Amino acid sequence: MERFSEAVTGEMVGEVALICIDNPPVNAAGHEVRKGLTAAVSWLAGSGAKAAGLWCAGRTFTAGADVREFGKTPQPPSLPEVCNTLEASAVPIVAVMHGTALGGGFELALACHARIGLSGLRVGFPEVNLGILPGAGGTQRGPRLAGIAPVLDMALSGKPMPAEEALKHGLIDELTRGEPREVALDAARRAAAGDLKTRRTGELETPADTDAINAAQVKLAKKPGLNAPPRIVEAVAASTRPITEGLAEERRLFMECYDDPQRAALVHAFLAERAVAKYPEAGAKPRAVKRVGVIGAGTMGQGIATSCLLAGLDVTLVEVKEEALGRGEAAIAKNLDGAMERGKMTAAARAEAEAALDATTDMEALADADLIIEAAFEKMEVKREIFTALDRIAKPGAVLATNTSYLDVNEIAAVTSRPEDVIGLHFFSPAHIMRLLEIVVADRTAPEVVATGFALAKRLGKIGVRAGVCDGFIGNRILGNYARAAEHLVLDGAAPSQVDRAVRGLGMAMGPFEMADLAGLDIGYFNRRRRDPIRPPEERYSKVADRLVEAGTLGRKTGKGYYVYGESKPVPNPDLDGIVADERALSGIAPREFSDHDIRDRYLTAMIAEAARVVEDGIAQRPSDVDAVFLNGYGFPRHLGGPLHQADVIGAAELVRRMEEWSAEDPWQWRVPAILRRMADEGGTFAQLNG
Ligand code: CAA
């Protein structure tokens with residue numbers, strides 16, 4: 001056995017060689033892998049081997065460049081250099097791939113002289129999700145094997161391609177079963193005997209396909225905002241040129257992407273979504289969950305039940321009245337149909353999921369549930385009543401969860417004799433689609449109950465984020481602050497439609513007033529009434545939304561709210577002008593103009609300020625958890641990384657300057673969080689707090 005680096009070894013087996021990458025968990029092509037592969041190719045040249053097999057130990061072939069090295073000083077050799085070295089090898093090398101061969105990992109394979117996939121393999125170029133492009137020859141070697149169209153599709157979507165399809169397109173030469181090392185040995189022997197065709201990908205030519213390039217450009221022009229996709233098209237288009245020119249062009253475009261702030265934001269988002277799984281109770285063993293009870297068959301309950309059924313769990317759905325239960329069941333059936341239509345489940349799986357649903361008006365049926373999620377009316381008395389009943393009905397060891405969006409989980413837990421089993425599991429609507437799950441840990445929640453929450457999130461394909469107890473937890477608490485900033489903007493002179501437009505201009509999925517109309521204005525109204533007794537006296541209050549509700553306009557569901565909804569595009573509600581003018585007159589406000597830029601600054605600053613306080617108060621474990629919440633539950637644009645990533649981009653000093661300026665008109669709304677003040681005075685960033 002030869003050792004070339006901490007991650008790469010080689011061995012001679014008769015007249016062929018095997019090169020193995022072993023860099024857990026996903027064999028990322030970090031420095032040790034790159035250094036080792038370069039040494040391995042030199043060794044190969046003098047080894048006398050007639051051919052070699054390249055394989056990976058562990059769960060997968062290389063899943064790409066090591067994302068954790070991004071932004072640090074690059075350590076030679078670079079991945080493109082390693083790929084060129086592999087391709088130049090006089091001894092033919094066959095790559096044998098299992099699991100997922102992604103990004104730079106797949107590029108290593110493309111630079112080999114033949115490629116074999118093991119069943120279940122998926123190959124892909126996910127770089128676009130990180131704001132970059134396949135920068136180690138993928139845009140040049142991929143089209144030489146498969147043509148331009150499939151490679152463009154793969155690189156622009158970022159979606160992995162199943163091995164069968166890769167075989168069809170010529171991206172792999174064979175698809176087989178077996179252990180990676182054994183298949184690599186057999187492949188090397190066949191290559192040595194001339195029974196497996198080998199060639200240098202770079203010596204092939206890419207057939208021109210201007211139609212595919214033009215079609216991709218037209219499609220991108222309709223979705224501006226992201227900087228990597230047009231560069232991907234440009235790089236792939238260059239693959240019809242000689243390989244050295246094409247590779248140089250790819251490098252140039254790659255570096256443009258790499259230096260783009262979108263890249264830093266997208267890599268931050270990737271790491272933030274993985275960091276959430278590191279929480280204090282992570283060592284605890286989750287409890288087994290087979291049957292989930294869902295209380296409430298309204299919109300939330302329907303979505304939660306659907307999500308559990310899609311994940312193969314049994315569900316007991318409980319509702320008070322038969323009629324509401326029937327409506328809930330019908331909606332779940334429709335959700336399952338939708339999942340089937342989108343190719344998320346087969347007809348057989350759909351039938352199984354429907355059979356796994358037990359809908360009843362009898363709460364006693366929850367006796368055999370392993371985890372029960374209450375998604376009933378958002379009122380403490382209702383929650384208390386339900387948890388008192390659950391304490392009597394649920395089996396010992398069952399996890400008792402509330403889907404409350406705001407209420408005190410400690411208070412809910414206190415009505416039971418088993419507060420250690422009580423937790424908040426805050427889903428986002430529609431719960432079978434939205435990826436976020438806030439896992440709200442109360443004072444006495446047991447570590448294995450927290451671990452069960454995270455295990456459930458994973459099972460449901462969601463991003464679970466640990467939150468502490470406070471009014472609104474992470475997301476809704478922050479929402480409260482920037483929604484208020486938006487209401488103040490309207491009182492002071494901006495139109496709701498201007499605020500929405502400006503916010504959409506930031507890349508947000510929706511503006512605050514469109515969002516309020518979609519959720520139903522009664523939801524906000526009810527929440528404001530709940531907050532009446534706890535609202536700080538310094539808080540400036542806008543009555544505009546209350547007046548809309550009192551006039552019976554509740555948003556989309558009544559066809560009228562901030563906008564009027566008809567056959568065509570929603571238009572601003574004409575009654576608003578009068579309501580807003582009244583409110584301004586009552587408070588003696590002379591309206592002024594705000595530019596879209598002013599609006600965005602205030603909106604984002606209000607979001608960042610409360611996000612900073614959430615971190616300061618320990619409600620979120622780390623700044624990047626807040627970002628994961630906003631990316632997955634609040635439509636925050638991924639290429640901006642999240643509110644606290646943006647805080648670092650804008651800089652604490654500038655944020656403090658803005659808040660101090662605006663605090664002259666509203667000291668409470670624009671009070672400076674201590675953590676930001678410290679960063680402004682002493683230096684430091686939120687990224688540093690992520691560790
Ligand atoms: N670099 C560094 N670490 C990585 C990584 C990468 N490319 N991909 C995954 N990991 C780490 C994760 O951070 C995680 O680490 P912790 O356990 O310490 O948190 C661990 O590997 C497991 O990852 P997942 O939890 O995501 O595991 P999974 O089984 O759900 O998914 C996967 C595995 C499909 C490989 C998924 O991790 C994935 O999609 N990774 C990203 C792949 C990618 O984007 N590659 C392209 C990189 S860019 C590139 O290659 C550029 C170029 O051309 C030069």
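Residues numbered from 1 in each chain as written. Predicted model: local features only at pLDDT ≥ 70, side-chain atom pairs only at ≥ 80, totals over all residues. Heavy atoms only, no water.

**Student:** Any chance you could explain the domain arrangement of the protein here in plain terms?
**Tutor:** Reports of interface size often rely on the accessible area that becomes lost once the parts have come together. Here the domain parsing of the protein yields domain 1 (2-259), domain 2 (291-467) and domain 3 (475-689). One C-alpha centre belongs to domain 1, the other to domain 3, and the line joining them spans 45 Å. (Domains from an automatic or database assignment.)

**Student:** Got a minute to help me understand the environment of Val 183 in this structure?
**Tutor:** Structurally, Val 183 is set in helix α7 (residues 180-193). Apart from the residues within four sequence positions on either side, Val 183 is in contact with Val 96, Ile 116, Leu 118, Thr 176, Arg 177 and Gly 178. (Helix = DSSP H or I, 4+ residues; strand = E, 2+ residues; numbered from the N terminus. Contact = heavy atoms within 4.5 Å.)

**Student:** Teacher, can you tell me more about a positive patch on the surface here?
**Tutor:** The grouping of Arg 68, Lys 72, Arg 274, Lys 278 and Arg 435 at the surface amounts to a positive patch. Tracing the chain through its elements places Arg 68 in the loop between β4 (51-56) and α2 (79-88). (Patch = residues over 30% accessible without salt bridge, like charges linked within 9 Å, V, L, I, M, F, W, Y side chains within 5 Å. Areas by Shrake-Rupley, 256 points an atom, 1.4 Å probe, with all protein chains shown as cover. Salt bridge = Lys/Arg side-chain N within 4 Å of Asp/Glu carboxyl O. Lys, Arg positive; Asp, Glu negative; His and termini not counted. Charge placed at Lys NZ, Arg CZ, Asp CG, Glu CD.)

**Student:** What is the right way to look at the pairing of strand β2 (residues 8-13) in this model?
**Tutor:** Sheet faces and side chains relate simply in a regular strand, where the side chains alternate between the two faces. Bridge analysis of strand β1 (residues 2-3) against β2 gives 2 bridges, and the strand direction is antiparallel. Within the sheet, the bridge partner assigned to Glu 2 lies in β2 and is Gly 10. If you look at the hairpin formed by β1 and β2, you'll find 4 residues sitting between the two strands. Note: β2 against strand β3 (residues 16-21), 6 bridges, orientation antiparallel. Across the sheet, the residue bridging to Val 8 is Ile 21, located in β3. A loop of 2 residues connects β2 with β3, the two strands running antiparallel in sequence, and Gly 14 in this loop sits at a positive phi of about 65 degrees. (Pairing = 2+ DSSP bridges.)

**Student:** Is there a simple way to explain the sheet that holds strand β6 (residues 100-102) in this structure?
**Tutor:** The pairing of strands in a sheet happens through backbone hydrogen bonds and is either parallel or antiparallel. Reading across from one edge, β6-β8-β9 is the order of the 3 strands in this open sheet, with mixed pairing throughout. Here the strands that pair on one side only, and so sit at the sheet edges, are β6 and β9 (161-162). Pairing of β6 with strand β8 (residues 122-124) involves 3 bridges; the strand directions are parallel. By the bridge assignment for β8, Ala 101 is matched with Val 123. Running over the sheet, helix α3 (residues 103-110) touches β6 and β8 and is turned about 90 degrees from β6. (Axes fitted to C-alpha atoms, helices over the stretch in contact; angles between N-to-C directions.)

**Student:** Would you mind showing me how to read the pairing of strand β18 (residues 463-468) here?
**Tutor:** Counting buried positions along β18 yields 6 of 6 residues, so the element is predominantly enclosed. Side chains Ile 463, Val 465 and Ala 467 project from β18 onto one buried face, and the interleaved Gly 464, Arg 466 and Gly 468 project onto a second face that is buried too. In this fold, strand β17 (residues 436-441) hands off to helix α17 (residues 447-459), which returns the chain to β18; that crossover is right-handed. (Buried < 20%, exposed > 50% of the residue type's maximum accessible area, 1.4 Å probe, protein only. Right-handed = clockwise from strand over helix to strand, strands pointing away.)

**Student:** Would you explain the sheet that holds strand β14 (residues 371-374) in this entry?
**Tutor:** Spatial ordering of the open sheet is given by β13-β12-β11-β14-β15-β16-β17-β18, a layout of 8 strands whose pairing is mixed. This sheet does not close on itself; its edge strands, each paired only once, are β13 (357-360) and β18. Strand-to-strand twist across the sheet, computed as the mean angle between neighbouring axes with direction ignored, equals 25 degrees. Looking at chain direction, strand β11 (residues 291-295) and β14 are connected through 4 bridges and run parallel.

**Student:** Before we go on, may I ask you to explain the pattern of salt bridges in this structure?
**Tutor:** Pairing of side chains with opposite charge becomes possible as their charged atoms draw close. Across all of its chains, the model carries 59 salt bridges by this definition. Here Glu 249 and Arg 252 are joined by a salt bridge, their closest N and O atoms 2.9 Å apart. Highlighted residues: Glu 249 and Arg 252, both in helix α10 (residues 243-258), separated by 3 residues, approximately one helical turn. Assessed through its relative accessible area of 15%, Glu 249 is described here as buried. The salt bridge involving Asp 575 is made with Lys 560; its shortest N-O contact spans 3.0 Å. Of this pair, Asp 575 sits in helix α23 (residues 575-587) while Lys 560 sits in the loop between α22 (544-550) and β19 (563-564), placing them 15 residues apart in sequence. Taking the relative accessible area as the measure of exposure, Asp 575 reaches 39% and is therefore partly exposed.

**Student:** Looking at this structure, I do not really get the environment of Ala 65. What am I missing?
**Tutor:** On the secondary structure map, Ala 65 appears in the loop between β4 and α2. Between the C-alpha atoms of Ala 65 and Ala 136, which are 71 residues apart in sequence, the distance is 9.5 Å. When near neighbours in sequence (up to four residues on either side) are disregarded, Ala 65 contacts Ala 28, Ala 29, Phe 70, Leu 79 and Gly 104.

**Student:** Would you mind showing me how to read the site of the ligand here?
**Tutor:** In the region of the ligand, 26 residues are neighbours, and Arg 59, Ala 65, Arg 68, Gly 104 and Glu 107 sit closest. In this structure, a nitrogen atom belonging to the ligand sits 2.8 Å away from a main-chain N or O atom of Ala 65. With respect to the ligand, the side chain of Arg 68 contributes an N or O atom lying 2.5 Å from an oxygen atom. Within the complex, the protein chains bury 75% of what would otherwise be the 990 Å² of accessible surface of the ligand. Counting residues per element, the ones that place at least two in the shell around the ligand are β6, α3 and α11 (261-275). Per-element accounting of the shell around the ligand gives the leading share, 3 residues, to α3. Residues that form the shell around the ligand fall into these classes: 14 nonpolar, 5 polar and 7 charged. (Near = heavy atom within 4 Å. Polar contact = N/O pair within 3.5 Å; in protein donor to acceptor, adjacent residues only side chain to side chain. Nonpolar A, V, L, I, M, F, W, Y, C, P; charged D, E, K, R; others polar.)

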